[in-house]
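Results of the structural survey
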Amino acid sequence: MGEDVPAQEFSRADRTRHREKVRRCLDVFERMLRESRFDTDDPMTGLEVELNLVDWEGDPALKNAEALEAIADPDFQTELGQFNIEMNVQPAKLREGGLTTFEQSLRRSLNDAEHKSSSIGAHLVMIGILPTLAEGHMAPSSISANPRYALLSEQILQARGEDITIDIAGPAERLRTTTDSILPEAACTSTQFHVQTAPEDFADYWNASQVIAGVQLALAANSPYLLGKQLWQETRIPLFEQATDTRSEELKAQGVRPRVWFGERWITSVFDLFEENVRYFPALLPITDPEDPVAVLEAGGIPALHELRLHNGTIYRWNRPVYDVQGGVPHLRVENRILGAGPTVCDLIANAAFYFGLVRSLAEDDRPLWTQMSFSAAEENFHVAAQLGIEAQLYWPGIGQVRATELVLRRLLPLAHQGLDSWGVDSAERDRLLGIIEQRCLTGVNGASWFVDKMAARSDMSRYDALRAVLAEYWENMHTNQPVHTWS
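Position numbers for residues start from 1 in each chain and track the written sequence from start to end. Residues qualify for local features only when their pLDDT is at least 70, as the model is predicted, and side-chain atom pairs are given and counted only at 80 or more; totals for whole chains, interfaces and linings, by contrast, use all residues. As a rule here, side-chain values cover all heavy atoms of the structure and leave hydrogens and water aside.

1. A short note on the layout of surface pockets
Rules: For each structure, a 1 Å grid was placed over the protein atoms alone; sets of points admitting a 1.4 Å probe that cannot get out are labelled cavities, open sets with protein on both sides within 12 Å along at least five of seven lines are labelled pockets, and lining residues have an atom within 4 Å of a point. Grid points are joined across faces, edges and corners, and a volume is the space filled by probe spheres set on the points. Secondary structure elements follow DSSP: runs of H or I no shorter than four residues count as helices, runs of E no shorter than two count as strands, and numbering proceeds from the N terminus. Note on residue classes: Ala, Val, Leu, Ile, Met, Phe, Trp, Tyr, Cys and Pro are nonpolar, Asp, Glu, Lys and Arg are charged, and everything else, Gly too, is polar.
Approximately 1,300 Å³ is the volume attributed to the largest pocket. E48, N88, H194, R333 and E335 are the residues nearest the centre of the largest pocket, which is lined by 50 residues in total. For the lining of the largest pocket, the secondary structure elements donating two or more residues are β1 (45-54), β2 (76-78), β3 (84-92), β7 (191-197), α7 (236-243), α11 (306-312), β12 (319-326) and β13 (329-336). Top contributing element to the lining of the largest pocket by residue count: β3, with six residues. Its residues placed into classes, the lining of the largest pocket shows 16 nonpolar, 17 polar and 17 charged. As a volume, the second largest pocket reaches approximately 240 Å³. Looking at the second largest pocket, it is lined by 15 residues, and the ones nearest its centre are A159, T246, R259, P282 and L284.

The structure is reproduced here in structure tokens:
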């Protein structure tokens, strides 16, 4: 949700001054892309995971402040809802066993955090949307204490000018409700994969990430329930799009772009995305830093570009560009924000292996797929996969409509193997993790389908009692770290 910011009010002068500073930052960024040496020698990859907190009954535990105090680890941070926390995993190089390092670090940290947070009655669950959330948990009082969250909620509602409507139709049930805060967005926990790129390669990696977004969702959907209703297989997608929408119905009709955005075109440079952000979206948090980026650059330094980065953090692309500075050297990353968390650590790392391998293979192809496919087709794949999950039929160049699992088995797994080889991943590590993806395709079981099937077997129970019972079984299986396709 962006950087930490203090609680404050903004004047018209603040917004004017901020707009000018953002544009100056954009000009400096364009100049840096031409002149500066970015960190590209040995690209890093990264991982972030958002988690839910539940009590012993499986209901949301509004205790993230107490849980973080008990965990006492700087890698764990607050998130929007009091029933959320986020974990950052240290970046790693794939050629140095990065995937196994991620898996071991994540398991070790989660086990330690679970042990400590359970002492205050909060247990960690990795799932895209906590199925036991109820309307009462969506009140503004459930927003975390960090001032940035209340400020963002206030600014989004102010820009919209009216309450937010959530309207999601599933195959058999429909959810329609209104909210006076962005708290429903907190229901959307995610896994974020980061891949560092050179400026000249960024467009290829971003375009490739957009191409495979639908495939990722189909394979790893894990959010079939929201507020007691069975909706999309990956309900996070429409929920996030609606819960942070600053547009009134009239602005939607006029074609104003949404802040949660798949995009509208293939790009030729990372600059395209930052320039779109500045051109299309007013600032939600017009906070101006004293740094003069022009002076810093001309003095031989590397500007932080505070305003450009803060603005970028309030535009929620599913594949987001990231500019950062580490050790006085700038770098660029693609932040892949497609998937929910879980079901297990090994499932999550298998998803990471599939993404990192496939995106590299496609980005380095001599005839890029995005030259053979319309952008609208990629976006349609994305939403069809969110609705139907592992049963989705997707469009693919040279094939036409094909079931996602068949596409992966026939075409994409070999490319993911090839891409991981290019990263220098050990063959045993590669085969183990991509083998999980293969078996998921062969069995047709992912987190969402498993949960829906288990709910169907409890149709004689009340809805929330069934959700608690299935979540308890999910949580028990999660701790085995056995992939979801093996769960009984």
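2. Considerations on empty space enclosed by the protein
Picture a little ball the size of a water molecule; that probe, rolled over the atoms, points out where space is still empty. If you walk through the whole model with that rule in mind, you get one cavity of 30 Å³ or more. Lining the largest cavity, in full, are Q216, L219, A220, L339, N351, F354, I437 and R440. Broken down by secondary-structure element, the contributors of at least two residues to the lining of the largest cavity are α6 (213-220), α12 (345-363) and α15 (427-443). A per-element tally of the lining of the largest cavity places α6 first, with three residues. Broken down by class, the residue content of the lining of the largest cavity amounts to five nonpolar, two polar and one charged.

3. With respect to the pattern of salt bridges
Heads up, the condition is: Here, a salt bridge means any side-chain nitrogen of Lys or Arg that lies within 4 Å of a carboxyl oxygen of Asp or Glu.
As enumerated under the stated definition, the model contains 35 salt bridges in all. Among the ionic pairs, D167 bridges to R176, the shortest N-O distance being 2.8 Å. For E391, the salt bridge is made with R403, and the minimal N-O distance between the two is 3.1 Å. Of the two residues, E391 sits in the loop between α13 (375-388) and β14 (393-396) while R403 sits in strand β15 (residues 400-403), which places them twelve residues apart along the sequence.

4. With respect to the packing of aromatic side chains
What counts here: Each aromatic pair joins two rings of Phe, Tyr and Trp (for Trp, the six-membered one) with centres within 6.5 Å, and gets the label stacked for planes under 30 degrees apart, edge-to-face for over 60, and tilted for any other angle. Buried residues are those whose accessible area, probed at 1.4 Å on protein chains only, stays under 20% of the maximum for their type, while exposed residues exceed 50% and partly exposed ones sit between those limits. Only when the NZ of Lys or the CZ of Arg is both within 6 Å of the ring centre and within 35 degrees of the ring normal is a charge said to sit over the ring.
Within the structure shown, the criterion is met by 21 aromatic pairs. Ring plane angle 75° and centroid distance 5.6 Å describe the contact between W261 and F281, whose orientation is recorded as edge-to-face. Separated by 20 residues along the polypeptide, W261 in strand β10 (residues 260-261) and F281 in the loop between α9 (270-280) and α10 (293-298) bring together distant segments of the chain. F281 carries the same exposure label as W261, and that label is buried. Consider the rings of W266 and F375, whose centres lie 4.8 Å apart with planes at 70°: the pair is edge-to-face. Of this pair, W266 sits in the loop between β10 and α9 while F375 is found in helix α13, placing the two residues 109 residues apart along the sequence. Clustering of aromatic rings is evident, with ring pairs tying together W206, F240, F262, W266, Y316, W318, F375 and F382. For the cation-ring pair, R257 lies above Y280, with the distance from its terminal atom to the ring centre recorded as 3.7 Å. For the cation-ring pair, R360 lies above W423, with the distance from its terminal atom to the ring centre recorded as 4.6 Å.

5. Focus: the environment of G121
Note the cut-off: It only takes one pair of heavy atoms within 4.5 Å for two residues to be counted as in contact.
Mapped onto the elements, G121 comes out in the loop between α3 (98-117) and β4 (123-125). By relative accessible area, G121 is classed as buried at 18%. Ignoring sequence-local partners within four residues, the contact set of G121 consists of V54, D55, A61 and K63.

6. Some words on the packing of α6 against α13
Let me state the cut-off plainly: Comment: axis = line fitted to C-alpha atoms, over the contacting stretch for helices; angle = value between 0 and 180 degrees taken between N-to-C directions. Should an angle fall under 35 degrees it is taken as roughly parallel, and over 145 as roughly antiparallel, whereas 65 to 115 is taken as roughly perpendicular and any remaining angle as oblique.
Running from amino to carboxyl end, α6 crosses α13 at an angle of 5°, the nearest separation of the two axes being 7 Å. It follows from the interaxial angle that α6 and α13 lie roughly parallel. Taking contact as the criterion, the partners of A213, G214, L217 and A218 in α6 are, on α13, N381, F382, A385 and A386. The class makeup of the residues in the contact of α6 with α13 is six nonpolar, two polar and no charged.

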